[in-house]
Amino acid sequence: MAEGAGGAAANGGSDEKVLDFLDSVDSYLTTMESLAPILRQGWFDLASARHSMGVFRVSSASLDLKDHSASTYLQMVGHESDDSFVGQPSFSLCKWASADNKSCCSEEEIPDSQLRHRGTSRLSENQEQNSNGDDSLKTVDDLVKKERSKTLSVFGTLVSPKLRTAQLSFETALEVLVEAANIRSSMLSAYSQVQKQMEDTREGEIGPIP
Amino acid sequence: MYGFEALTFNIHGGYLEAIVRGHRASLLTAADYNNLCQCETLDDIKMHLSATEYGPYLQNEPSPLHTTTIVEKCTLKLVDEYKNMLCQATEPLSTFLEYITYGHMIDNVVLIVTGTLHERDVQELLEKCHPLGMFDSIATLAVAQNMRELYRLVLVDTPLAPYFSECITSEDLDDMNIEIMRNTLYKAYLEDFYRFCQKLGGATAEIMSDLLAFEADRRAVNITINSIGTELTRDDRRKLYSNFGLLYPYGHEELAICEDIDQVRGAMEKYPPYQSIFAKLSYGEGQMLDKAFYEEEVKRLCLAFEQQFHYAVFFAYMRLREQEIRNLMWISECVAQNQKSRVHDSVVFIF
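So, how was this worked out
- Residues numbered from 1 in each chain as written.
- Chains lettered and ligands numbered in written order.
- Predicted model: local features only at pLDDT ≥ 70, side-chain atom pairs only at ≥ 80, totals over all residues.
- Heavy atoms only, no water.
- Contact = heavy atoms within 4.5 Å.
- Buried area = accessible area lost by both parts, 1.4 Å probe.
- Salt bridge = Lys/Arg side-chain N within 4 Å of Asp/Glu carboxyl O.
- Polar contact = N/O pair within 3.5 Å; in protein donor to acceptor, adjacent residues only side chain to side chain.
- Helix = DSSP H or I, 4+ residues; strand = E, 2+ residues; numbered from the N terminus.
- Nonpolar A, V, L, I, M, F, W, Y, C, P; charged D, E, K, R; others polar.
- Disulfide = S-S within 2.5 Å.
- Buried < 20%, exposed > 50% of the residue type's maximum accessible area, 1.4 Å probe, protein only.

In the nomenclature of an unreviewed UniProt entry, chain B is known as V-type proton ATPase subunit of Trapa incisa.

Per an unreviewed UniProt entry, the recorded name for chain A is Vacuolar ATPase assembly protein VMA22, and the organism is Trapa incisa.

What follows is the structure, encoded as structure tokens:
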């Protein structure tokens, strides 16, 4: 009885791992499918920008060959949560980390708002929190706009909105790629867990070799 | 005196006017564009163009073709035609024809200066320059560190020298300064070209005034839209607008303070010729503005051919060819990227 219950629990556990693996495969395939149209749109927007600004203005001759730091970094963090299997690396983008601005100013990182503690009405506290939040959002927005313009400045300071749209498309594509890499990492991790589970089950059925 | 050109124009300009009207007849038609839009590959485009005057320029290009190759070869054809006309032109037509190329010269100067700032090889930059804007000392631009040196070492002996008086500083060249330099030079060039055409008088002055005024207005709108969200101040923006055109001066005052495309629309819709352009766009949409302006420009350029005995036909022909090359570039890109459904987004039919 106890063995039956234990067996059912083990089966339930392995089913869950298989489901996790299948979910991650589905997410990975969906993410990869969404990448192609974004890239297509980016290239199309770039062609539109060349049509608008002129082929002589938007060309490879404009790119900067001076030594300069990358505007975007890919950070990889690998961890081992268990000695029995390889740690699952995770990837994150650090966007617009220019020479002037050493820390990343990715849109997701909103600096902590400095909230002043008041003993007065909740409404004024909330308003202050909202305005502090709005101010910090505006600061991040301005920084993001500035960094984007800096990246495009190789083509000139007054560029067509189509070139900015192309930049956004390729940024989105980069984010999707990093997301796909993370999902792939968890997919491979889920797969290795399923494999291990299957090996353990097989050994359990065969029994120890005399 | 206006109206008496018929008596004397043909003495010096008749042959070349006939030549340019012959060239105009060889511009691609709507049927040609329909065929080109149905091509599956760039080699198909090459095959269709082989039956046109572009044929000899593309026939020796090996496969696989690239879109930049098609643009380059088609531009070469335009350059050959221009040089043929220039070498047979007498004054003042020769000066008029040279004026047409100063815009490309400015673009080339900016390309070389920007490329040098970005540590690009000068030879590589020279290959990317527009052939219509080349001049003898262009390679020497690479040694200049600021605008004063640029002027003193190189540009003082070029036709662009008079345009530099407004933007000579000792500040080192950087991306913002270069952009302001580009637009200031172009503004000075347009105003000078306008004055030159006014001096010529007659039908040339009348037709070219309209075409150059439209060009100045379109530049003002583009500068406004492109500078939204950038560090360019309102005063700096206003300084880049030309001092003529339908929008001068009140339209410029309104454009200088615009912060988004809808405000630009609000400023432009007060002028009847531009109402029809903005009527084609829905609110918030700026993507089709380029095409709307190109369509209006093509309409005005085609009208220039309705009158005889003036120089505006040369300007109109050059601009129509450039539009044709833009169309070919767009069609090639759509075919190469398998985006044929979007090909009519930016093709402007000339006939």
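J.: How do you make sense of the interface of chain B and chain A when you look at a structure like this?
T.: Buried accessible area, meaning the area lost when the parts come together, often serves as the stated size of an interface. Chain B puts 41 residues into the contact, and the matching count from chain A is 33 residues. Considering only the surface of chain B that becomes buried against chain A, H118(B), R120(B) and N226(B) emerge as the three largest contributors, covering 17% of it. Linking chain B to chain A there are 3 salt bridges. R57(A) is paired through a salt bridge with E179(B); the nearest N and O atoms lie 3.5 Å apart. Scanning the region where chain B abuts chain A turns up 14 residue pairs in polar contact (both at pLDDT 80 or more). Going through the elements one at a time, α6 (67-88), α7 (93-117), α8 (122-128), α10 (175-200), α11 (202-227), α16 (289-304) and α17 (312-336) of chain B are the ones with two or more residues in the side of chain B that touches chain A. Its residues assigned to classes, the side of chain B that touches chain A shows 15 nonpolar, 14 polar and 12 charged.

J.: I tried to follow the state of the cysteines on my own but got confused; where do I start?
T.: What makes a disulfide is a covalent bond joining the sulfur atoms belonging to two cysteines. Residue and element names in this part refer to chain B. Overall, the coordinates contain 0 disulfides over all chains when judged by the stated rule. For C37, which is in no disulfide, the shortest distance to another cysteine sulfur is to C334 and amounts to 8.2 Å. On the accessibility criterion, C37 (8% relative accessible area) is buried.

J.: Which parts of the structure should I look at to understand the pattern of salt bridges?
T.: Opposite charge on two side chains makes pairing possible when the charged atoms of those side chains draw close. All names here are of chain B. A full pass over the atoms with the stated rule returns 33 salt bridges over all chains. Across the pair E215 and R218 runs a salt bridge, and its minimum N-O distance is 2.9 Å. Of this pair, E215 and R218 both sit in helix α11, separated by 3 residues, roughly a single helical turn. The class of E215 is buried, set by a relative accessible area of 7%. For R218, a relative accessible area of 10% gives the class buried. Here E296 ties to K299 by a salt bridge, and the two come within 3.5 Å at their closest N and O atoms. Taken together, the residues span about one helical turn, with E296 and K299 both in helix α16 at a distance of 3 residues. In this structure K299 comes out as exposed when scored by relative accessible area, which is 52%.

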